[in-house]
Structure formats: C-alpha cells, structure tokens
Amino acid sequence: LPRLQPFAPNQVRIDLDQAPLDVYIDQPTQRVVTGQRSGHRVAFNARRLRMARFRLQLPDGRPVPLGAEIEVLGLEERFIVAEQGESYIAVPSPRASLRVRWNGSRCALDLDLPAPSERPAELGVRTCEVQP
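Residues numbered from 1 in each chain as written. Predicted model: local features only at pLDDT ≥ 70, side-chain atom pairs only at ≥ 80, totals over all residues. Heavy atoms only, no water.

Undergrad: How should the sheet that holds strand β12 (residues 129–130) be read in this particular structure?
TA: What links the strands of a sheet is backbone hydrogen bonding, and the strands pair in either a parallel or an antiparallel sense. If you trace the five strands from one edge of the open sheet to the other, you get β7-β6-β9-β10-β12, paired in antiparallel fashion. Of all strands in the sheet, those bounded by a partner on one side alone are β7 (78–80) and β12. Here strand β6 (residues 69–72) pairs with β7 via three bridges, running antiparallel. Within the sheet, the bridge partner assigned to Glu-71 lies in β7 and is Arg-78. (Pairing = 2+ DSSP bridges. Helix = DSSP H or I, 4+ residues; strand = E, 2+ residues; numbered from the N terminus.)

The following block contains the structure:
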C-alpha cells in the first residue's frame, strides 16, 4: 500500500461493501506500523461462508413468525425470519447453534452445514425446539 507513514500507526481496512457476500472477515481493520522503506504483512483471516436456506418451524408444525430474530452463537450479525418461516444464514463454521427470539418467545436448534459454495445450501424444513 502506498503512502503509509513510517514508524506511526496506520489503519488498513477492507471495505466490506466491496467484498464478496460469501466471505467472512474477522477483523476488517488492522493497525500497522512499518519502518522506513520496508514492507509489512497484514493478515485479515478471510474465510468463505457456509450459506444455508431453510424453513424454520415449531414442534407443532407452525412456521416461526415473520420478523423473528435468528442469533448464531459466536457471531454478532443477526438474521431475520421471512414469511412462512423462510430463513437464511451465512456462517464461517460447519456447525451453527441458533437461538431464535420473537415477542417474548424463543426456540433453539443446531445445524450441520455443507462445505462453502457459491449458492446457499437448501436444508428444507427444520424444527426449532421451544425454550422456556
């Protein structure tokens, strides 16, 4: 990268709006201190995401309500349930523990996800176990 200040902290970042949708970057901003006329390696730990679509239902067969929030344990990003329980998640790991919340109710489930691909995996109908 040109124009880095030697011997001073420089912020180097990846513009996530320009990154592919199927890439997860742990820390898109890094602090770099270089020497005069020297190079520095910056690791952003980019990983391909495992994307999945599925229909989320309750044990009685009713769909999880529209607007319910899906939390993937270990990630900050949240996903929203669409009509008829249609859901989409994108995670970096092969196993995802989901917690779903809506109107004071909640449920949970674990998903095993296939290898990363350019297209979301179709997981069909998944049942979310209601939690007290």
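Undergrad: Looking at this structure, I do not really get the sheet that holds strand β8 (residues 86–91). What am I missing?
TA: The three strands are arranged β8-β5-β11 in an open sheet whose pairing can be described as mixed. The open sheet has two edge strands with one neighbour each: β8 and β11 (121–127). Strand after strand, the sheet turns through a mean of 30° between neighbouring axes, direction not considered. Pairing of strand β5 (residues 50–57) with β8, which is carried by six bridges, proceeds in the antiparallel orientation. Its bridge partner lying in β8, Arg-53 is registered against Tyr-88. (Axes fitted to C-alpha atoms, helices over the stretch in contact; angles between N-to-C directions.)

Undergrad: Would you mind showing me how to read unusual backbone geometry here?
TA: Peptide bonds are mostly trans, and most non-glycine residues show a negative phi. Positioned with a positive phi, Arg-3 is a non-glycine residue whose angle comes to about 65°. Within the secondary structure layout, Arg-3 lies in the segment before β1 (10–13). The class for Arg-3 is exposed, based on a relative accessible area of 78%. The phi dihedral of Arg-37 falls on the positive side, at around 50°, and the residue is not glycine. In this structure, Arg-37 sits in the loop between β3 (29–32) and β4 (46–48). (Buried < 20%, exposed > 50% of the residue type's maximum accessible area, 1.4 Å probe, protein only.)

Undergrad: Honestly, the nonpolar core in this entry has me stumped. Any pointers?
TA: Looking at soluble globular proteins, one finds that nonpolar side chains tend to be buried together. Residues Leu-56, Val-64, Ile-89, Leu-98 and Val-100 are the most contacted members of the largest nonpolar core, which totals 24 residues. Contributing elements (two or more residues each) for this core: β5, β6, β8, β9 (95–102), β10 (105–112) and β11. The element contributing the most residues to this core is β9, with four residues. Apart from the residues lying within four places of it in its own chain, the contact partners of Val-100 are Leu-56, Val-64, Ala-68, Glu-69, Ile-70, Ser-105, Arg-106, Cys-107 and Cys-128. (Core = buried A, V, L, I, M, F, W, Y, C linked by side-chain atoms within 4.5 Å. Contact = heavy atoms within 4.5 Å.)

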